[in-house]
Amino acid sequence: MSSTSTHPSRFALTAVCRSASGQVAAVAAFLERHGAYVEQFSVFDDKPTSRFFLRTVFRREGAEAAGLERLREGFGEIASGIGVVGWQLHDLARPLRVLLMVSKLDHCLHDLLDSWKHGEMPMQPVAVVSNHPDLAPLAQAHGLPFHHLPVTAATKAAQEAELLGLVRHYEADLVVLARYMQVLSDGLCEKLAGRVINIHHSFLPGFKGAKPYHQAFERGVKLIGATAHFATADLDEGPIIEQATERVDHAHSPEDLLNVGRRMECTALSRALRSVLEHRVFINGQRTVVLR
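Residues numbered from 1 in each chain as written. Predicted model: local features only at pLDDT ≥ 70, side-chain atom pairs only at ≥ 80, totals over all residues. Heavy atoms only, no water.

Q: Before we move on, can you summarise the pairing of strand 2 (residues 37–46) with the specific residues and values?
A: Consecutive residues of a regular strand have side chains that alternate between opposite faces of the sheet. When strand 2 meets strand 3 (residues 51–60), the two strands line up antiparallel, connected through 9 bridges. Its bridge partner lying in strand 3, valine 43 is registered against leucine 54. Linkage of strand 2 to strand 3, two consecutive antiparallel strands, is achieved through a turn of 4 residues, within which serine 50 is found at a positive phi near 55°. (Pairing = 2+ DSSP bridges. Helix = DSSP H or I, 4+ residues; strand = E, 2+ residues; numbered from the N terminus.)

As structure tokens, this is what we get:
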């Protein structure tokens with residue numbers, strides 16, 4: 001029996017270009033030459049930056065690994081001629097490898113692992129890292145390695161070095177801060193730029209400091225939200241990927257607001273991570289372009 005799969009292989013091509021005419025036609029012609037059947041094709045032209053963003057999902061019959069390399073070589077040959085400044089070709093049969101980080105709150109981790117378990121989150125979680133031991137049983141219940149890296153002012157640099165070692169050891173494509181209650185250093189954010197997704201417990205900009213939901217209650221807020229963004233050296237100011245909100249009113253207690261907030265955190269983080277896993281997200285300066 002042949003070991004070659006008879007199922008068509010699926011790929012996602014993403015590209016950022018200098019805005020110019022003829023780019024859609026050139027990409028479509030390239031795919032046609034290589035026998036691709038296009039399933040999705042999305043573009044966006046950002047006039048303020050003169051950047052053109054493109055994402056296409058396509059399939060090819062019998063496109064084995066060697067075929068993927070030929071596709072990469074072929075697109076590389078035409079890329080500069082159509083103004084491409086950055087591009088990637090992804091094999092969708094190989095989900096991105098994700099390292100999950102948490103502290104003590106488990107709602108976001110539960111949500112992501114449940115979605116993964118039920119085939120709703122196209123990722124490969126590789127490990128869970130925490131500055132507390134509390135969620136080790138949850139990680140182990142899903143068959144994931146758990147690494148306890150307690151952080152103090154004296155150990156922060158060493159623990160971040162160990163964390164970076166884990167990212168490399170597990171060949172993690174992404175790091176997700178699923179309510180990890182420690183601030184990453186500027187140096188680590190720079191080393192992992194564009195690869196760390198954080199969930200913030202507010203519809204940014206929002207209430208800072210301790211007990212944000214109690215502050216919201218005292219101000220009589222009418223909207224509770226959460227924001228998922230890329231982590232940068234500027235705390236809670238990285239490019240926003242996704243936001244979720246829900247209406248509230250004077251009848252909501254601080255505990256009610258907390259419960260609503262947790263649901264919004266799960267929703268925003270899940271949507272953001274899925275968009276990144278599906279190669280829909282482009283960092284565009286301080287903003288993102290998310291091609292639906």
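Q: Before we move on, can you summarise the environment of alanine 251 with the specific residues and values?
A: Positionally, alanine 251 belongs in the loop between strand 11 (240–247) and helix 8 (254–277). In this structure the C-alpha to C-alpha distance between alanine 251 and leucine 135, which are 116 residues apart in sequence, comes to 33 Å.

Q: Which residues make up the environment of glycine 143, and what values go with them?
A: Here glycine 143 lies in the loop between helix 4 (136–141) and strand 7 (146–148). Considering only alpha carbons, one finds glycine 143 and methionine 101, 42 residues apart in sequence, at a separation of 16 Å.

Q: Break down unusual backbone geometry for me, citing the residues and quoting the values.
A: We note that arginine 179 has phi near 70°; this positive angle belongs to a residue other than glycine. Here arginine 179 shows up in the loop between strand 8 (174–177) and helix 6 (186–191). Its relative accessible area of 9% is what places arginine 179 among the buried residues. Positioned with a positive phi, histidine 279 is a non-glycine residue whose angle comes to about 60°. Summarising the element assignment, histidine 279 is placed in the loop between helix 8 and strand 12 (281–284). Residue histidine 279 is classed as buried on the basis of its relative accessible area of 11%. (Buried < 20%, exposed > 50% of the residue type's maximum accessible area, 1.4 Å probe, protein only.)

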